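Geometric and topological summary
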Amino acid sequence: MQKVPVAVIGVGEHGKRHAHAIKRVHGAELAGVYDQSHDRAAALAAELGVKAFRSLEETFEAVEAVSVVIPTTNHGAVARLAMEAGKDVLLEKPITRTVEEADELIETADRTGRILQVGHLERFNPGAVAAKAVTRQPLFFEVHRLGVFSPRSLDVDVVFDLMIHDLDLVLWLANAQVRDVRAVGLPVLTDRVDIANARVEFENGAVANLTASRVSTEKVRKFRYFQPHEYISIDFSRRDALLLSVGADGQSPQIAFRKLEVQNTDPLEAEIESFADCVRARRPPLVGGREGRSALALAEKVMFCIEEHASRVNVPLTRPAGHSGEL
């Protein structure tokens, strides 16, 4: 199998994880890294034994694909440059700041024939993969993604930082159009939304209740949903999934409990391996530009509902109108 030469653009904490993961996967080869801080890029390049590129142009000349791990503000511009240069792109979530930018990026991918994969990592979590295989008709979702306070990502609302993971998963599993959205959210320790709850109704009758918080006293990554006669629970921290089902045995119902079989894989490595496979086979990725756009559009609807509620109760929010909130 020919390895795909990949460069990482942006080597902050998450970009470093991407670079290390690319070194570990079978289908990709880390050709080098680029960052606006050359010292930061040089330090990581020396650690991993690869090249520190000094410009985007030099980066594009040396590789077939790039992993873009930079602030969302610059996603559209850098990903567009890469695709115009003939490179395939793995782009961190959210896809862009605005839905309009996402539309432009999707058009660029279509026009240039490039692979555009969006980094909704949880689709590659072993628990989610196992649960998807037994999903038939989910009708109610109960989701909690809670984290303790950390200085990371405090320049973006929790809807775009944490909840967007689960919004993407709900869209994937429900496989239906959104009918209605209601939401509330509050700034608690910052001037942005730190805790949010959303209720999403779908045209097929499914309902999702999602809570995301970065001001919890514990870390919780629970995703539970119900379909006729079955209950499925995913724990993203443990990377496992459970299935409870009900069957009839004579006159009394019988509850069967089983742990779904999962692959012992790292989600980030699985995501990068899948991206490399798509680059080689020229096939659409699991999470392409349109899937990334759908998650962003739903996150925007959630935020607009939060803003309407905040206005009614006189709670000021600082998100600039019309985009994901990142400065």
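Now for a look at the structure at hand. Every chain begins its residue count from 1, and numbering advances along the sequence as written. Local features in a predicted model are, by the rule used here, given only for residues with pLDDT of at least 70; side-chain atom pairs are given and counted only at 80 or more, and totals for whole chains, interfaces and linings are based on all residues. Side-chain metrics rest on all non-hydrogen atoms present in the structure, leaving aside hydrogens and water.

Where side chains of opposite charge bring their charged atoms close, a pairing between them can arise. Take a side-chain nitrogen of Lys or Arg and a carboxyl oxygen of Asp or Glu: if they are within 4 Å of each other, that pair is a salt bridge. Within the structure shown, the criterion is met by 26 salt bridges. Ionic pairing is found between Arg114 and Asp88, a salt bridge with its closest N-O pair at 3.4 Å. On the criterion of sequence distance, the pair formed by Arg114 in the loop between helix H5 (99-112) and strand S6 (116-119) and Asp88 in strand S5 (residues 88-92) is long-range, its members being 26 residues apart. By relative accessible area, which is 23% here, Arg114 ends up partly exposed. In this scheme, a residue with accessible area under 20% of its type's maximum is buried, one over 50% is exposed, and one in between is partly exposed, where area comes from a 1.4 Å probe on protein chains only. A residue is classified by how much of its surface remains accessible, and Asp88, at 1% relative accessible area, is buried. Counting from the N terminus, the helices are the DSSP runs of H or I reaching at least four residues and the strands are the DSSP runs of E reaching at least two.

Time to look at the packing of helix H1 (residues 13-24) against helix H2 (residues 38-48). Between H1 and H2, the shortest axis-to-axis distance is 11 Å and the interhelical angle comes to 20°. Classified by the interaxial angle, the pair formed by H1 and H2 is roughly parallel. The two elements H1 and H2 cross, and the hand of that crossing is right-handed. Contact residues: Lys16, Ala19, His20 and Lys23 in H1; Leu44, Glu47 and Leu48 in H2. In this classification, Asp, Glu, Lys and Arg are treated as charged, Ala, Val, Leu, Ile, Met, Phe, Trp, Tyr, Cys and Pro as nonpolar, and every other residue, Gly included, as polar. Of the residues in the contact of H1 with H2, the class split is 3 nonpolar, 1 polar and 3 charged. Helix axes are fitted to C-alpha atoms over the stretch in contact, other axes to C-alpha atoms as well, and angles between N-to-C directions run from 0 to 180 degrees. Oblique is the label for any angle not covered by the other classes, which are roughly parallel (under 35 degrees), roughly antiparallel (over 145) and roughly perpendicular (65 to 115). We call a crossing left-handed when the near helix sits turned anticlockwise from the far one by less than a right angle, and right-handed when that turn is clockwise. In what follows, residue pairs with any heavy atoms lying within 4.5 Å of each other are defined as contacts.

With respect to topology, 6 strands assemble into an open sheet ordered S3-S2-S1-S4-S5-S6, the strand pairing being parallel. Two strands close off the open sheet at either side, each with one partner strand: strand S3 (51-52) and S6. One requirement defines pairing of two strands: DSSP has to find at least two bridges between them. Alignment of strand S1 (residues 4-9) against strand S2 (residues 28-34), held across 6 bridges, turns out to be parallel. Each residue of the ladder has a partner; that of Val8, found in S2, is Val33.

Right, let's get into the environment of Ala46. Tracing the chain through its elements places Ala46 in helix H2. On the basis of relative accessible area, Ala46 is assigned to the exposed category, the value being 64%. Along the sequence, Ala46 and Gly32 sit 14 residues apart, while their C-alpha atoms lie 10.0 Å from each other.

Here the focus is helix H8 (residues 267-281). The end-to-end C-alpha distance of H8, which contains 15 residues, comes to 21 Å, matching closely the 21 Å that a straight helix rising 1.5 Å per residue would cover. Buried within H8 we find Pro267, Leu268, Glu271, Ile272, Glu273, Ser274, Phe275, Ala276, Cys278 and Val279. Count one or two residues on from H8 and you reach Arg282, which has phi positive near 55°. By this rule the span expected of a helix is its residue count minus one, scaled by 1.5 Å.

This brings us to unusual backbone geometry. A cis amide bond, omega -10°, links Lys93 with the succeeding residue Pro94. Summarising the element assignment, Pro94 is placed in the loop between S5 and H5. The backbone phi angle of Asn175 is positive, close to 55°, even though this residue is not glycine. When you line up the elements, Asn175 lands in the loop between helix H7 (158-174) and strand S8 (178-186). Backbone geometry at Asn314 places phi at a positive 60°, although glycine is not the residue there. Judged by relative accessible area, Asn314 falls into the exposed class, the value being 67%.

A few words now on the packing of aromatic side chains. Between the rings of Phe, Tyr and Trp (Trp by its six-membered ring), a pair exists once the centres lie within 6.5 Å; its type follows the angle of the planes, with under 30 degrees stacked, over 60 edge-to-face, and the other angles tilted. Per the counting criterion, the structure on display carries 6 aromatic pairs. Between Phe226 and Tyr231 the ring centres are 4.8 Å apart and the planes differ by 10°, which places this aromatic pair in the stacked class. For Phe226, a relative accessible area of 33% gives the class partly exposed. Both a distance and an angle decide whether a charge sits over a ring: NZ of Lys or CZ of Arg must be within 6 Å of the ring centre and within 35 degrees of the ring normal. For the cation-ring pair, Arg145 lies above Phe236, with the distance from its terminal atom to the ring centre recorded as 5.2 Å.

Before going further, it helps to spend a moment on helix H4 (residues 75-84). Think of an α-helix as turning once every 3.6 residues; residues three or four places apart then point the same way. Within H4 the residues assigned to the buried category are His75, Gly76, Val78, Ala79, Ala82 and Met83. As for H4, its buried residues are in contact with S1, helix H3 (56-62), strand S4 (65-68), S5, H5 and S6. Immediately beyond the C-terminal end of H4, within one or two residues, lies Gly86, with a positive phi of roughly 85°.

Within this analysis, patches are made of residues with over 30% relative accessible area and no salt bridge. Like charges are joined at 9 Å or less; nonpolar side chains (Val, Leu, Ile, Met, Phe, Trp, Tyr) at 5 Å or less. Surface accessibility follows the Shrake-Rupley procedure with a 1.4 Å probe radius. Residue values consider only the protein chains on display as shielding. The grouping of Phe149, Leu186, Val188, Leu189 and Ile195 at the surface amounts to a nonpolar patch, some 420 Å² of accessible area in total. Turning to its location among the elements, Phe149 is positioned in the loop between strand S7 (140-146) and H7. Owing to a relative accessible area of 39%, Phe149 belongs among the partly exposed residues under this scheme.

Checked against the element boundaries, Val69 lands in the loop between S4 and H4. As a C-alpha pair, Val69 and Val200 span 131 residues in sequence and 29 Å in three-dimensional space. Contacts of Val69, omitting those with residues within four sequence positions, involve Val8, Ile9, Gly10, His14, Gly15, His18 and Glu92.

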